[in-house]
Amino acid sequence: MNWDNVKLILKRELRDQARDRRTLFSVIGLPVLLYPLMGLMVLQVMQFRQTHPTRLKVIGLNELPGVPSLFVTETSKGEDGTEKSSYQFDEELTQASGVTSRFDIEASEATVDSEVAEKTARESLTADNLDAIIYFPPGFRERMESFQHAKDNGNEKAGKSEEIPSPKLITNSSDERSKLAESRLRQILHAWREKLIQHNLEANHVPTEITDPFSFGTVDLSEKPVDQASFLWAKIFPFIVVIWALTGAFYPAIDLCAGEKERGTLETLLSSPALRSEIVAGKLLAIMTFSIATSVLNLASMGFTATFVMGQMGGSELGNRLNFGPPPIWSLGWLFLALIPMAALFSALALAIATMARSSKEGQYYLLPLLMLNLPLVVLPVLPDTELNFGTSLIPVSGMSFLLKSLMEGDYLKAATYTLPVLAVTAFCIWISIRWAIDQFNNESVLFRESERFSLKAWLRKIWRDRKATPSPAAAFVMGIILLALPHMIGRYVLPSLGPDGKLGAGQLVQYMLTNQLGLILLPVLIAGWVFTRSMKKTFLLRFADRNVLVGIPMAILLAVCLHPFALYLRAVIQKNLPMSQDLQDRLADMLGGTADLPVYGIFLLFAVLPAVCEEFACRGFILSGMRHLGHKWAAISIAAIFFGLLHGLLQQSIPATIFGLMIGFVAVQCRSLFPAIAFHMVHNSLVFAHGVITTETIQEHSWLKILVASASNMPGEAQYHVTPVVICGLVAIVIVGFFARMPEELSDEERRQTTLSHQGSLHSGGIGKREEGSPSA
C-alpha cells in the first residue's frame, strides 16, 4: 500500500467535506446548538412543574387511638376572618418517614361498615377527585387500647382468637397520582405503626429493645463525590460515545460514497493510480476523523450544558439529586482511547454499507437498521447486574463499552484481565469491516448500481429466471436468518411441550428431535434449494464417487477422533468462564431425561446421525454454497460456521460449535463433498455422548478404557484422558489438516476472480509492471 496515495485521498476527502454545509452542520453545528437549546427548554419547562398536594379522605377518625397521634389539627384564618380547622399528619411522622409532600385531608369522624366503604370507594375517588382513602373500621380504637393496657387488666391473651379489625388504604393503581399517594402514605403509616408498637410496649413495661435488639449500620468507603461521579459517568459515557461515533461516521460515509456517485466524481477517483485498498484507507481515515470529532464535540457540549442547567437548578430538590458533578479529568483519557477503535469499527461498517447506496437519500435509509442492530449491544453495559467478564469481553461493541466502564470506575485489575480479548475481538471486527469495504469497492456491480422501481411480480420472475446452479449470497443469508427464526416463530406450535412432571418422555424427546431437525432445518433448506437453485447436487455438494470423497471420509472420521480431547478441553474452559446457570442446567436435564428410556442405537440416531445430516445440509450445504459467491473461501466458511453455532441456541454450545464449524467447513470445501463433513459431525457428536457416560463403574466393566482415561468419578462427563494419547491425537490432527490442505481445491468463479485481483494488487504494490488492479468484478 502506497501511503502517499492514502494521504492525498485523505486530504481530498477532508477538503471536500469541509466545503459541505450539511456535514459541517451535523458535526459542528448540531452539537454546539442542540444541547444548549435542550438545556434552555428544560429550564423553561421546569417553571411549569408544580407539586400538587395529595388529596386524602380519612373515614373513621374517631376510631384512632389517642396516643400516638396520627393527625394533628391546624387552625387558620380564612378570607372572611373566621377560623378554619384542618388536619395534617403529625410532623414527627413525616420527618421519620422522609415525606415532604403536602396533603389536603378531608376527615370523617364517624366510621362505616367495611363492605360499604369498599363499595363506595371507587365512586368517592372519582367524584371527589381524591388520590387515596384511609379507612379505620369500627372497633379499631378499642382493640388498640386493649393492647396498651393488656398487662394491667390481666388479659394478655385477649383477642388472640378474635380477628383484629385492620385499617385499609384504598387507591387506584391505574392512576399515576393515586400510585404516588400510596407510596407516600405507606411510609407515613409505617412510621405511625412503629410508634404505636413502641407505645404499647412501654405501656406494658416491656423493653422496646426486645423487638428491635440491633440495627445494621452502613459505611460508605467511596470518596465522595469523586467515586460517585465516576460511577454515574461510567454508565452514561460508553452509551453516548457509541451512539455518536456511529452517527458521526455514517453521514460522512454517505457523502463520500453515494454523494460522489451523484456528483459523478467517483469514476475519476477509481481511474487514478491508487489501488482500491488505498482509496478505502483514505476514505476510512477521513470518516474516522469526523466520527471522533462528532463524539468529542457532542460530549463537550453535553457536559457544558449539563453544568449550566444543574447550576440553574442547584437550589431545587431535583437539581440537588441530579447534580453529581463533572466527570473526573482522568476518565476523559480512557474515553478518548476507547473512542479510536470504536470510530474505526463504525467508520468501516458505515463505508461498506454506504457503498451499496445508489443515492444519498437511499443511504440514509440504511442508518436505522444499523442503529437497531447495535442498540442491544450498546444497552447491555448499562443494564444492572452486568459486568466485564470473559463472556461479555467477546461481544463486539459491548466488550469495549464494558472495558471503558471498568476503567472509569477505577477497577484496573479487571480491566487489565480482559483488555486482550476485548481488543482482539474489536480488531478482528475492524479487519472484517475493512475487508468488506474493500470488496465493495472492487465490485462494480455494487458501485454503479442503477436505480430501479421495485415490482414484486418482476422480482419473483427474475429470481426464478436467473437461478444459478447454487444459491446467491443473499439467498444463503436469508436462509440462515429463517433457520434461526423458525424455532422461535412456530416452534411453540409444532414442538412438543414438557409433560406434567416438567420433563420430556422418551416419545416426546423423539418427536422433538424429529420435528426440530427435519421440519425446522432440513425441510426449509430442501425447499429453498429446489426454488432458488438449478442444481440440488451442486448446492448440497452431493458428490460421492470421487477420490477426494473416498479418501476424505475416513480421514474426517480420524480427524474428529483426534480433536475430541481438545473439544472437551474447550468446553471445560467455556464452562469455567461462562458458567451455565443452575436453572438452565435443570431445564436441559428435564429435556434430556427421556434418554434414559432410549436404547443406545436410538440415542446414536437422534443425537449423532440426525443432527449431522440435517445441520450439514443447511450450513455446509445451502449456506456455504451460496456464500462462496462472495469470492472469499474462508469468509464463506466462517459465515456458515457462525450460523451453525447460532443454531445451537445456548452460548455455551454456540462457541465450540462455531469453532468446530470452521473445521467442518474446511473439510467440506477441500473434499468438495458434504459426506466427509457429515461423517466428522456424526463422529464428533457420538464421542461427546460416549464421554458423558464414562464413570468409575464403566472403567471397571471395560478395563481397556484405562489406556485412555486417567481419572473418572461417579458423576458422568468428568473423565480425564491420559496426556500421551492427547499429545498423539494432536500431532495426528495436524498431519490430517495438512493432508486436507494439500488436496486440489475447486474455486468458484468469484473466488478465482478475487484471487486474480489480489495477485494484481500485490504486483502493483511491489512496483512490478503496470497497474492492473482496476479490473473489477462484474
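Overview of the structure.

**Quick notes on the packing of aromatic side chains**
Scanning the entire structure with this criterion turns up 11 aromatic pairs. Centroid distance Phe477 to Phe643: 5.9 Å. Interplanar angle 70°. Geometry classified as edge-to-face. Taken together, the positions of Phe477 in helix 20 (residues 473-489) and Phe643 in helix 27 (residues 633-646) put the pair 166 residues apart, joining distant regions of the chain. What makes Phe477 partly exposed here is its relative accessible area of 44%.

**A look at the nonpolar core**
Counting residues in hydrophobic clusters, the biggest one holds 66 residues, and the most contacted among them are Phe250, Ile279, Phe346, Leu351, Val397, Leu403 and Phe441. Counting residues per element, the ones that place at least two in this core are helix 1 (3-18), helix 8 (226-263), helix 9 (266-270), helix 10 (276-312), helix 12 (329-355), helix 14 (367-379), helix 16 (398-409) and helix 17 (412-442). The greatest single-element share of this core, amounting to 15 residues, is contributed by helix 8. Among residues more than four places away in sequence, those in contact with Ile279 are Ile9, Leu269, Leu270, Ala274 and Phe441. Among the nonpolar cores identified, the runner-up in size contains 55 residues, and Ile521, Leu598, Phe660 and Ile664 belong to it.

**Examining the side chain of Thr470**
Relative to the helices and strands, Thr470 is located in the loop between helix 19 (456-465) and helix 20. Here Thr470 falls in the buried class, since its relative accessible area comes to 15%. Here the side chain of Thr470 touches His629 through a polar contact of 2.6 Å, side chain to side chain. Contact partners of Thr470, with chain neighbours within four places excluded, come to Thr533, Lys538, Thr539, Ser625 and His629.

**What about the packing of helix 20 against helix 26 (residues 600-627)?**
Packing of helix 20 against helix 26 brings their axes to within 6 Å, and their N-to-C directions diverge by 145°. Judged by the twist between their axes, the crossing of helix 20 over helix 26 is left-handed. Along the contact surface, helix 20 presents Pro473, Ala475, Ala476, Phe477, Met479, Gly480 and Leu483, while helix 26 presents Ala618, Phe622, Ile623, Gly626 and Met627. Residues belonging to the contact of helix 20 with helix 26 are distributed by class as follows: 10 nonpolar, two polar and no charged.

**Structural notes on unusual backbone geometry**
At Val397, a position not held by glycine, the phi torsion is positive, near 70°. Looking at the element boundaries, Val397 is found in the loop between helix 15 (390-393) and helix 16. One non-glycine residue, Arg672, adopts positive backbone phi at about 60°. Counting through the fold element by element, Arg672 comes out in the loop between helix 28 (651-671) and helix 29 (675-691).

What counts as what
- Residues numbered from 1 in each chain as written.
- Predicted model: local features only at pLDDT ≥ 70, side-chain atom pairs only at ≥ 80, totals over all residues.
- Heavy atoms only, no water.
- Phe/Tyr/Trp six-rings, centres within 6.5 Å; stacked < 30°, edge-to-face > 60°.
- Helix = DSSP H or I, 4+ residues; strand = E, 2+ residues; numbered from the N terminus.
- Buried < 20%, exposed > 50% of the residue type's maximum accessible area, 1.4 Å probe, protein only.
- Core = buried A, V, L, I, M, F, W, Y, C linked by side-chain atoms within 4.5 Å.
- Contact = heavy atoms within 4.5 Å.
- Polar contact = N/O pair within 3.5 Å; in protein donor to acceptor, adjacent residues only side chain to side chain.
- Axes fitted to C-alpha atoms, helices over the stretch in contact; angles between N-to-C directions.
- Left-handed = near helix turned anticlockwise from the far one by under 90°.
- Nonpolar A, V, L, I, M, F, W, Y, C, P; charged D, E, K, R; others polar.

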